[in-house]
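Reading the structure
Listed below, chain by chain, are the residues.
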Amino acid sequence: MIFERIGAFTVRWRYPIVAVWIVLVAGITLIAPNLSDVTTSDQATLLPKSAPFNHAVNVHQAAFPESSDNTGVVIVIEATGGEGILNRDAATFPEQIDTPIGHFIADLSAWLASDTAPELVTGVTSPLSSPEVANMTIDASNQVAMIPVSLAEGEIGITDTVVKPVRAWIDDHQPDGVQSYITGAKAIGSAFVDAALSTLGSTLIVTVILVIVLLLLIYRSPVSPLIPLTAVTFSYLVTRGLVALWAESGIAVSTYADILLVVIIYGAGTDYCLFLISRFREEMADHTGTQHAATTTIKKVGETITSSAGTIFVGFTTMIFAKFGVFNTSGPALAVGVLVCLAAGLTLVPATLAILGDRAFWPSTATHRSAGKFYIKTSNLVARRPLQVVIVVVLVMAPLAVYGMSAPLNYNSLSDLPNDVEAKEGFEALKRTLGPGNLSPLTVVMTGRNPADMSTEMIQLEADLSALGGVADVRSLNNPMGQHGEMTQMLRADTQLRLIEQMLTMQNMDAQSLDPQTIGTAFTGMRAYLDHLEAQFPAIADDPNLATLQELFGNVLVFAQRQDEAAPAFEGLAQRFETIEDPYVNLSELTALVPAGSDNSQSASLTQLLGQYVSTDGSSYRMTVILANDPSSTEALDTVLAMRTLVEQYKNGGEAVIDGQSAMTADLRDTLNSDLVLTIGMVSLGIFIVLLLMLRSVVAPLYLIATVGLSYTFTLGLTALVFRVFFGAEDGLAFIIPVFSFVFLVALGVDYSIFLIGRVKEEVGHRGIRDGIHEAVVATGPIITSAGIILAGTFAAMISGKITALAELGFSVAVGVLIDTLVVRTMLVPALTLLLGKWAWWPGGVPRAKDASGPKAAGIISASHTGD
C-alpha cells in the first residue's frame, strides 16, 4: 500500500527529511522576493483581456496618447474657518482668487507643476487657472475645491512616492481654517495596499497566537503544538516564496492571495497535523513502538488527508477557469499552498513524530482521548430520529439560506477601507459638495469619424447621453463646461462668430501692431472660415454682413480703414444664423477660431479645448460624462450599460467606447456574475469526482455536496444580515464574498465529510450501518470539532484587519465552518446516511471489513476508550 510505504520511508529517513525541509525553507526565502511587493490590488489589471473596459482603454490611448489617463489623485481643499475658497464679492476673477486659501491653492498647484514635485506627477489642473475651470472644480457653496493631479503609469502603491511627499508639502504650507485630503483612484488603491499589508500582519499574528492557544488546550502539552506550528510555518514560507516567484515572472497575483494564504495554510495545514498527531497518539497509547506508530499513522490517515487535500486542491484549482484575476490567480496560489501542506503532512510531520516519540506529548504520555458525552448523546439522537433531525435542521437553516441567495453585493472598493482613511474622507467630502461623479467621470471616445459630419453627430450624441437616466452632465467641445456652464453651444456658427468678435476686440487687432506674416496667416484663416460658412450654409450667401466681413478680411489695408465695421457685421451675421435650423459648423474649420499670434486667455482656452476634445488628426473626439450616482453604485453601473448600448448605434465603422472607473466596475460586475455560475459548477463537479473515486458511490457525493451548499447559502444570508444590522453594510456584501465563500466552505466542508465518511467506511464493515455510523460520529466528533474550531479561528483572525471585505469573508467562513462542524457533519450527514441506508453507497455497495480481527486490529477507537 502506497501510504504504508510513504510512512516507512519517512520513518527511516526522518533526520534527512527534516534537514531537507530546513534547507528548502531557507533557500526559497533567500531567492524569492517579498510576495507583498509583487502582488496587485488594481482591479483593472485583473479583468479579462476581452473586457470592454480594457478595449476602451486601448482605443482611448491610441486616439489621445497625450491625455488618455483617467487615473491619478485628487487633492481636496475644504475651507473650515468660515472664509470661502474665492472672494465672490470681487468684481474680476483675479481679484476673486486673492484670498489666503486662493494663494495656498495657487502655490500648491505651482509646486506640483515644478521640477521639485514627486517624479510620478505629470500634470495638474488648478481650480484657479480660469473662471471656467473654477466653476467645475469649486462647489457652489465656495467651501470645497479639488485639484486633479495626473500621474505616470506605474505601481498602484503610491504612498511613499506621491502621497507622503504631497502631504508633507501641504502640512508645511497649509493656512489655518483649511482641511485637505488626498484622494482619487490611485490614492484609494494605494490606501487599499496599505490596509492589506496591515491586515496581513494582524491576521498572521492573531492566527499564530490562536493556533498555539487552541493546540495547548487540545493537547495540554508545550511540545505537541510546536509540531503543527513548525510544519505549517514551513509550508507557508515555501508557498509564499513559490507564489512570489510566480508573480515576479509577470503573472498578476491579487493582494487577496497573500492574505488568504495565511488562513488556508495555518487552518487546513493545522487540521492535517491535528489528525496525524491524534492518530499517532492512539497508536502510541497501544504501545506499538514509535516507528511502528508513525508508519501506521500514515498508513491509516494518509489516504484520508490526501483525499481531503485533493478536494481542496480541486476546489481551488478550478478557480483558474474564472475570468476575474482575483479568483483565477488566488485559486492556484492557494492550491499550491494545500499541496505543500500535504507534502509536509506526509513527510515532515511523521518524521518529527518518529524523532520525538512519546516526548511529543510531554509532560504527559500518549493516551486514548475520551469520546465525549456530547457526541454520544447527539449520535444516539440522530440514530433514533434521523428524519426529524433532517427536517428540523433544514427548516431552521432554510430562511437565511433563501435570503443568502438573493443578498445584494457591493462593488465599491471604498467601503473596504476604514472611515478614518484620508482617501475615503476626501471622497466623502467631494461626494457631499461637488458630487461623486466629478471624482470618477466617464469618457466616451469616438474614432474613425468624418470631420464634415462630426459636429452634427457630436450634438446628437450629447443630447442622447444627457437624456439617459443617471447622467448628471455631459461635457464636450460643444459645451466644454457642461450644459449649465458659461461656455455653451460652441459648435453653433452664431456662438463662434460672437466669440471671434470678442477675441478681436480684446486683442485690439491692429495692422501696425503685428508682423506681416502673422497678419497674413490670420486673415487667410478667417477668409477660409467665412468661405466655409457660405459653402455649408447657402442661405447666408446674400447676407450683407457676410459680404462686409469677406471684404474686411480680404485685404489688410481695407480692414485697417474699416475696422469699426467688424463688430456690427459679426453680430448681424450671428443673428442671421439664429434663424437657421441646426447651424453647427464642421470641426474641420474650427482652427480658424484661433487667429495666429493670439496670446490672450480666450485664444489659449480655445486651443486647449480643441486639444481636450478632438484628436490631433481630427478623426476622433471624446466627451466627459458626469454620473448622478456614486460611481460604484448599482444605478451607476446600469447607466454604463445603457451608455454602451447607446454609443453602439454611433459606431459607423469606427470605435465607440466608454472609459472610466464605472465602466471598469460594470465589467467587474458582469465578470463576477458569470464567474459565480462557472465556479459553482466547476468546483462542484471537481469535488464530486474526487468523492466518487474515494467513496465509490454516486449517491453519497451528491448529498454531501448538497449539505455543504445548504451550509453555504445559510452562512451567506447570516453574514449579510449581521453586517447590515450591526456594521451598517447597507449596500450589501463585498463582491468577492459569494465566490470565495463558496469555494472555501464547499472544499473545506467536504473536507470534514471525508474525515467522517472515511471513518464510517471503516466502521460499517465491522458493525453494520447504524452502529457503524454511531461509532464513527462518536470517534471523530472531538477531533473534527477541534479541527473546525482551529480552521474557524484562523479565518476569524481576518476580522482583526482593516479591509471590510476580508472581515466579511473571515466571518462567513468561520461561522460556516462551525455550522458545518457542529450541525451538518455531526447531525445532518449522519441522519441522511442512516435514512438512505445501503443506497448511500450505491452502486459500490456497503463497505466490507478488510480483515476479521475487528476494528481494533484496524486501529479503530471504540467509543468506550477513555483517557485524558
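Quick caveat, the model's predicted, so the values are computed rather than measured. (Residues numbered from 1 in each chain as written. Predicted model: local features only at pLDDT ≥ 70, side-chain atom pairs only at ≥ 80, totals over all residues. Heavy atoms only, no water.)

This brings us to the packing of helix α10 (residues 226-248) against helix α13 (residues 325-356). Direction vectors running N to C along α10 and α13 enclose 145 degrees, while the axes themselves pass 8 Å from each other. Both α10 and α13 take part in a crossing whose hand is right-handed. Of the residues belonging to the contact of α10 with α13, the class tally is 17 nonpolar, five polar and no charged. (Axes fitted to C-alpha atoms, helices over the stretch in contact; angles between N-to-C directions. Helix = DSSP H or I, 4+ residues; strand = E, 2+ residues; numbered from the N terminus. Left-handed = near helix turned anticlockwise from the far one by under 90°. Nonpolar A, V, L, I, M, F, W, Y, C, P; charged D, E, K, R; others polar.)

What follows covers the packing of helix α14 (residues 373-384) against helix α28 (residues 769-796). Relative orientation of the contacting elements α14 and α28 amounts to 145 degrees, with a least axis distance of 9 Å. Between α14 and α28 lies a crossing whose hand is right-handed. Between α14, through Tyr375, Ile376, Ser379, Asn380, Ala383 and Arg384, and α28, the contact on the second element is made entirely by Arg770, His774, Val777, Val778, Gly781, Pro782 and Thr785. Among the residues forming the contact of α14 with α28, the class breakdown is six nonpolar, five polar and two charged. (Contact = heavy atoms within 4.5 Å.)

Moving on, we come to the pattern of salt bridges. Tallied over the entire structure, the rule returns 20 salt bridges. A salt bridge links Glu282 to Arg279; the nearest nitrogen and oxygen atoms lie 3.7 Å apart. One end of the pair, Glu282, and the other, Arg279, are both in helix α11 (residues 255-285), three residues apart, so they sit about a helical turn from each other. Grouping residues by exposure puts Glu282 and Arg279 together as buried. Here Glu571 ties to Arg498 by a salt bridge, and the two come within 3.0 Å at their closest N and O atoms. Of the two residues, Glu571 sits in helix α22 (residues 566-577) while Arg498 sits in helix α18 (residues 493-507), which places them 73 residues apart along the sequence. (Salt bridge = Lys/Arg side-chain N within 4 Å of Asp/Glu carboxyl O. Buried < 20%, exposed > 50% of the residue type's maximum accessible area, 1.4 Å probe, protein only.)

There is a patch of nonpolar side chains on the surface, built from Ile205, Ile209, Val213 and Leu217 and spanning about 390 Å² of accessible area. For Val213, the position within the fold is in helix α9 (residues 185-219). When its relative accessible area of 40% is taken as the criterion, Val213 is described as partly exposed. (Patch = residues over 30% accessible without salt bridge, like charges linked within 9 Å, V, L, I, M, F, W, Y side chains within 5 Å. Areas by Shrake-Rupley, 256 points an atom, 1.4 Å probe, with all protein chains shown as cover.)

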